[in-house]
There are 2 protein chains.
Amino acid sequence: MSVIYDRVALIGLGLIAGSMSLAMRRDGLAGEIVGTARSAETRRVAAEIGLVDRVVETAGEAVTGADLVVLAVPVGAMSAVAEAIGPYLKPGATVTDVGSVKKAVIDAVGPHIPDGVHFVPAHPLAGTEHSGPHSGFAELFANRWCLIVPDGSRAEEAAIARLEALWQGMGALTDRMEADHHDLVLSVTSHVPHLIAYTMVGVADDLGRVTDSEVIKYSAAGFRDFTRIAASDPTMWRDVFLTNREAVLDILGRFTEELFALQRAIRTGEGQELHDYFTRTRAIRRGILEAGQDTDAPDFGRAASRRGAAE
Amino acid sequence: MSVIYDRVALIGLGLIAGSMSLAMRRDGLAGEIVGTARSAETRRVAAEIGLVDRVVETAGEAVTGADLVVLAVPVGAMSAVAEAIGPYLKPGATVTDVGSVKKAVIDAVGPHIPDGVHFVPAHPLAGTEHSGPHSGFAELFANRWCLIVPDGSRAEEAAIARLEALWQGMGALTDRMEADHHDLVLSVTSHVPHLIAYTMVGVADDLGRVTDSEVIKYSAAGFRDFTRIAASDPTMWRDVFLTNREAVLDILGRFTEELFALQRAIRTGEGQELHDYFTRTRAIRRGILEAGQDTDAPDFGRAASRRGAAE
């Protein structure tokens, strides 16, 4: 493929930015990739492993002359970073982000983007429970969706299409969505599931009569798959819940309502009601398999485990 | 390996029994494997694919002359099956089960086991979201725990040790546990996680403002891993919740208590409390990786997906 941006600046060098750098390099999508991070240790590691072409100390330095600036920091840090880079942005450049919440990011970043710079919020729906400069890998975005949220931004259509071409070049599928709708959809598909998984791990950890060692040994009975996401980055998730509060509380309310109905069915022995509910939920899970967003292999990642062991 | 039981009877021919048959055959652990299932269609498929050595029409016929009888039916069906086979059991034979709840199974099966027959309840902690005679595979139990629950049974130590040898021969690790404790541990590591996953899928399906298609497309953001277990067999799970009611309601109560505390922290903007909670829950998840009950590969099953696509 050919170069889409001559110079890309990555602000933050964690899982997403690291994977973007490796994916852009693999496919020759960027002329030069400059990166920075707030932590000196992260910058040191990134330089040592050659994660980007050039590591610099400040965000202002990183964005100078950049054609694309990617804000890959926790949502709560977006405003300060945007304020810091505002004066250094090149006219005609595009600023994007990879935050898990979009309305809060638009409110935080938008005011700091000068006229003549395109701001195109985005959110790649890909991740693992790992974080830090070591955690990225070029295949992270393959066959995953990246949602582009152009509303509330001041961006020309050509700038939006160019960013979409970059994501497609890295292997992702792209869709456009309004910010409010994005935040609601993600509260269902991501934010509330994460909160619930964190909670269940906390319950297991608190329980005096069942030891952590028992929970860990016997996790293959469901806990393992259910709570895989509960090891994700605490700072990122704190910011998600604080900035997408309204949608998260809305979905949580519906969740507890339904959970109480099932709890009551268990207490009163309504077997038919439970059976009907469990039968209905199968269909949506099977849809995920059919849509290619999951594997039908009956091994729950055991093949991945063997691969991991062989490496 | 050498033959541990000359004749094994499998009552029920779903995921667990099918995987046992394939694992015993692979390792030469059983002389002859006889199987039966209530549904004529299941018996037909099992015979067609050669899942066991001989398919018979009734449970009584299956257990006649068997050295080991495995009850691999939903927990709610155990009592009727035990009653049906009681008169046909060979003196000195061992009866075991693979049910996800142990106290209810002991109460249901125990009274039907004649003197001179060993009853050794067991529970292999392995499964996928698939069911039926096609779903088994020989590697299902590799490196997974099988809990042996000898209390409440009338079994000689030699019979218990022999069943443990069978499970170890099929690749499993074995532990012994009391029935009440088993039911509590499993309510934490399996039963409540399944109920919560089913509930979250139900919420997603009910939500008018977010379509099923959106939930499915954007599931990689967390929903996919979190709800993988929500496609498991509805009959099995109905029975689990009806028969392990007390422990499930106990753990559910603790879960909602903790969830409400986090919900309140979100509503009031207590970022530090959220961050502390999420940091603490990371440790237990990482323990699961270290205990070899999960993979550290950062691909969330993508390698498995490629394997599946290549088949």
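Residues numbered from 1 in each chain as written. Chains lettered and ligands numbered in written order. Predicted model: local features only at pLDDT ≥ 70, side-chain atom pairs only at ≥ 80, totals over all residues. Heavy atoms only, no water.

Draft legend 1. A look at the overall build of chain A. Summing up its helical and strand segments, chain A has 13 helices and 9 strands in all. Taking 2.2 N^0.38 as the reference for a compact globule, 311 residues should give roughly 19 Å; the C-alpha atoms of chain A span a radius of gyration of 21 Å, in line with that estimate. Its C-alpha atoms give chain A principal-axis dimensions of about 65 × 45 × 40 Å. Across the 311 residues that make up chain A, the buried fraction comes to 61%. Sequence-distant contacts, at least 24 apart, represent 75% of the contacts inside chain A between residues at least 6 apart. Surface accessibility of chain A: about 11,100 Å² in total, with carbon and sulfur atoms responsible for 50%. When the 30 positive and 42 negative side-chain charges of chain A are each reduced to one mean point, those points stand 4 Å apart. (Helix = DSSP H or I, 4+ residues; strand = E, 2+ residues; numbered from the N terminus. Rg over C-alpha atoms; globule rule 2.2 N^0.38 Å. Buried < 20%, exposed > 50% of the residue type's maximum accessible area, 1.4 Å probe, protein only. Contact = heavy atoms within 4.5 Å. Areas by Shrake-Rupley, 256 points an atom, 1.4 Å probe, with all protein chains shown as cover. Lys, Arg positive; Asp, Glu negative; His and termini not counted. Charge placed at Lys NZ, Arg CZ, Asp CG, Glu CD.)

Draft legend 2. Expanded view of a negative patch on the surface. A contiguous patch of negative charge on the surface is contributed by Asp151, Glu178, Asp180 and Glu246 of chain A. Counting through the fold element by element, glutamate 246 of chain A comes out in helix H11 (residues 245-268). (Patch = residues over 30% accessible without salt bridge, like charges linked within 9 Å, V, L, I, M, F, W, Y side chains within 5 Å. Salt bridge = Lys/Arg side-chain N within 4 Å of Asp/Glu carboxyl O.)

Draft legend 3. Looking closely at the confidence of the model for chain A. Residues with a pLDDT of 70 or more make up 93% of chain A, whose mean pLDDT is 90. Note on residues 296-311 of chain A: pLDDT under 50 across the span, and 35 contacts to partners over four residues away in sequence or across chains. (pLDDT = per-residue confidence, 0-100.)

Draft legend 4. Focus on the packing of helix H12 (residues 271-290) of chain A against helix H7 (residues 179-206) of chain B. Where H12 of chain A contacts H7 of chain B, the two axes come as close as 9 Å, and the packing angle between them is 70 degrees. Considering their axes alone, H12 of chain A and H7 of chain B lie roughly perpendicular with respect to each other. Both H12 of chain A and H7 of chain B take part in a crossing whose hand is left-handed. Taking contact as the criterion, the partners of Tyr277, Phe278, Arg280, Thr281, Ile284 and Arg285 of chain A in H12 of chain A are, on H7 of chain B, Leu195, Tyr198, Thr199, Val201, Gly202, Val203, Asp205 and Asp206 of chain B. Split into classes, the residues belonging to the contact of H12 of chain A with H7 of chain B amount to 7 nonpolar, 3 polar and 4 charged. (Axes fitted to C-alpha atoms, helices over the stretch in contact; angles between N-to-C directions. Parallel < 35°, antiparallel > 145°, perpendicular 65-115°, else oblique. Left-handed = near helix turned anticlockwise from the far one by under 90°. Nonpolar A, V, L, I, M, F, W, Y, C, P; charged D, E, K, R; others polar.)

Draft legend 5. Just the side chain of threonine 128 of chain B, in detail. Residues and elements named next belong to chain B. Summarising the element assignment, threonine 128 is placed in the loop between strand S7 (122-124) and strand S8 (145-148). Taking relative accessible area as the criterion, threonine 128 reaches 9% and is therefore assigned buried. Within the local environment of threonine 128, its side chain forms a polar contact with the backbone nitrogen of histidine 130, the two atoms lying 2.9 Å apart. (Polar contact = N/O pair within 3.5 Å; in protein donor to acceptor, adjacent residues only side chain to side chain.)

Draft legend 6. Representation of unusual backbone geometry in the model. The phi angle at asparagine 143 of chain A is positive, at roughly 65 degrees, despite the residue not being glycine. Tracing the chain through its elements places asparagine 143 of chain A in the loop between strand S7 (122-124) and strand S8 (145-148).

Draft legend 7. Representation of the pattern of salt bridges within the structure. What the rule picks out here adds up to 40 salt bridges over all chains. Residues aspartate 107 of chain A and lysine 103 of chain A are paired through a salt bridge, measuring 3.5 Å at the closest nitrogen-oxygen approach. In this pair, aspartate 107 of chain A and lysine 103 of chain A are both assigned in helix H5 (residues 103-109), 4 residues apart and thus about one turn of the helix distant. A relative accessible area of 48% places aspartate 107 of chain A in the partly exposed class. A salt bridge links arginine 280 of chain A to aspartate 206 of chain B; the shortest N-O distance between them is 3.5 Å. With one member in each of two chains, arginine 280 of chain A in helix H12 and aspartate 206 of chain B in helix H7 form a pair that bridges those chains. Salt bridges sharing common partners tie together Arg224, Asp225 and Arg228 of chain A together with Arg224, Asp225 and Arg228 of chain B.

Draft legend 8. Here's a closer look at the relation of the copies chain B and chain A. Of the transformation placing chain B onto chain A, the axial shift is 0.0 Å and the rotation is 180 degrees, giving an RMSD of 0.0 Å. Taken together, the turn and the small shift mark the pair as related by a two-fold rotation axis. A high fraction, 100%, of the interface residues of chain B reappear at the interface in chain A, so the copies pair face to face through one surface. (Least-squares fit on C-alpha atoms with pLDDT ≥ 70 in both.)

Draft legend 9. Region of the structure containing the nonpolar core. Judged by nonpolar contacts, the single largest core of 145 residues is most densely connected at Val69, Ile196 and Met200 of chain A together with Val69, Ile196 and Met200 of chain B. Not counting residues within four places of it along the chain, the set of residues in contact with valine 69 of chain B comprises Ala9, Ile11, Val63, Ile85, Leu89, Thr94, Val95 and Thr96 of chain B. (Core = buried A, V, L, I, M, F, W, Y, C linked by side-chain atoms within 4.5 Å.)

Draft legend 10. Just the interface of chain B and chain A, in detail. Contact residues are listed per partner, giving 116 residues for chain B and 116 residues for chain A. Both faces considered, chain B and chain A share a buried interface measuring about 11,300 Å² in area, 67% of it formed by carbon and sulfur atoms. Connecting chain B to chain A are 10 salt bridges. Between aspartate 250 of chain A and arginine 209 of chain B there is a salt bridge; the shortest N-O distance is 2.9 Å. (Buried area = accessible area lost by both parts, 1.4 Å probe.)

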